[in-house]
Amino acid sequence: MKILRNNLDLNVALKKEQNIGFVPTMGSIHKGHESLIKQSKKKCKVTIVSIFINPKQFNNKNDYRNYPKNLKKDLKILHKIKTDFVYIPTITDVFRKKRKQKINLNKKDIVLCAKFRKGHFEGVLDVMDRLTNLIKPNKIFMGEKDFQQLFLLKKFIEKKYKSKIIGCKTIRDKNGLAYSSRNSLLNDNQLKLAAKITRNLLSLRKSLTKVNDVKKLMNNEYKRMSKEFHIKIEYFELRNKKNLRKVKEIKNSKIFIAYYINKIRLIDNF
Ligand code: AMP
């Protein structure tokens, strides 16, 4: 495994490579990331993983400051699963060039996280534009765990570059909880609560297929979960998985949720 700490190293390392698979991450590598890397290794000749906590996608300074970091452990895991390259750029490496055109989301895309985290996806699109331009991957592997991110990036990157975005399924632990770097900020009780909420939502998904009034059941569940679990739910919506429009029927839909346990914001979709 080769560690690339600047753009010169990156250019030299990738110069002769073809069929590059790219897995962008913000580090604190977990089994969700590992599954993306495994997919990339299966489908591409070389795999490059980036570890970069992108300041531009944080709409809250404290959230950025407290974002979990674990480089030593990350490198150990990445080495173990035989990653070819790890790219760990500095902020200057990534944001050296000034943007010619500001990134703006379409009005219809300002839903879910885009509505509640102002500037977040503009920051994600900006960094992914830069990383794709630097790495020029054939395929980029991203998780359905961040479904809206996958949806927006697929449109943006595939329009501008030859790179294909490959969506990969959400990896969950034995309790159903989706692996997430932010889980390391939760204590044992909070983890148990997050798992309980997840189980509740997995079973709600099944119940929704059996009722006529989907909207009513969603509303009732929203109220029940807020009360029973004492959580602040930011959004809880059923949307079409192809275009992210709000829907009232279960066909081709997903439940999207963002909620807080204490001050930790968790998202998932079912
Ligand atoms: P992050 O490091 O949180 O920015 O995530 C990097 C990539 O890993 C993104 O494409 C995420 O969607 C993906 N990812 C995060 N958690 C999971 C998971 N539990 N299962 C599959 N992919 C995931």
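This one's a predicted model, so the numbers in the text were calculated from it and none came from an experiment.

**Q** Any details on the site of the ligand? Residues and values, ideally.
**A** Around the ligand lies a shell of 17 residues, among which Met 26, His 33, Asp 146, Ile 171 and Tyr 179 are the nearest. Within the backbone of Gly 143, a nitrogen or oxygen atom sits 2.9 Å from an oxygen atom of the ligand. Between the ligand and the protein, one listed contact pairs a nitrogen atom with a backbone N or O atom of Ile 171 at 2.9 Å. Burial of the ligand by the protein chains amounts to 93% of its free accessible area of 490 Å². Those elements that provide at least two residues to the shell around the ligand are strand S2 (20–25), helix H2 (31–43) and strand S5 (139–143). With three residues, the single largest contributor to the shell around the ligand is H2. Looking at the shell around the ligand residue by residue, the class counts come to seven nonpolar, seven polar and three charged.

**Q** Could you give me a rundown of the pattern of salt bridges, with the residues and numbers involved?
**A** For the structure shown, the criterion picks out 15 salt bridges. With a shortest N-O distance of 2.5 Å, Asp 129 and Arg 99 are connected by a salt bridge. A residue pair is termed long-range when its members are at least 10 positions apart, and Asp 129 in helix H7 (residues 120–135) and Arg 99 in the loop between helix H5 (91–95) and helix H6 (112–116) qualify at 30 residues. Given the relative accessible area of 4%, Asp 129 is considered buried. A residue is classified by how much of its surface remains accessible, and Arg 99, at 28% relative accessible area, is partly exposed. One connected set of salt bridges, linked through shared partners, spans Lys 56, Arg 99, Asp 126, Asp 129, Arg 130 and Lys 160.

The rules behind each value
Residues numbered from 1 in each chain as written. Predicted model: local features only at pLDDT ≥ 70, side-chain atom pairs only at ≥ 80, totals over all residues. Heavy atoms only, no water. Near = heavy atom within 4 Å. Polar contact = N/O pair within 3.5 Å; in protein donor to acceptor, adjacent residues only side chain to side chain. Areas by Shrake-Rupley, 256 points an atom, 1.4 Å probe, with all protein chains shown as cover. Helix = DSSP H or I, 4+ residues; strand = E, 2+ residues; numbered from the N terminus. Nonpolar A, V, L, I, M, F, W, Y, C, P; charged D, E, K, R; others polar. Salt bridge = Lys/Arg side-chain N within 4 Å of Asp/Glu carboxyl O. Buried < 20%, exposed > 50% of the residue type's maximum accessible area, 1.4 Å probe, protein only.

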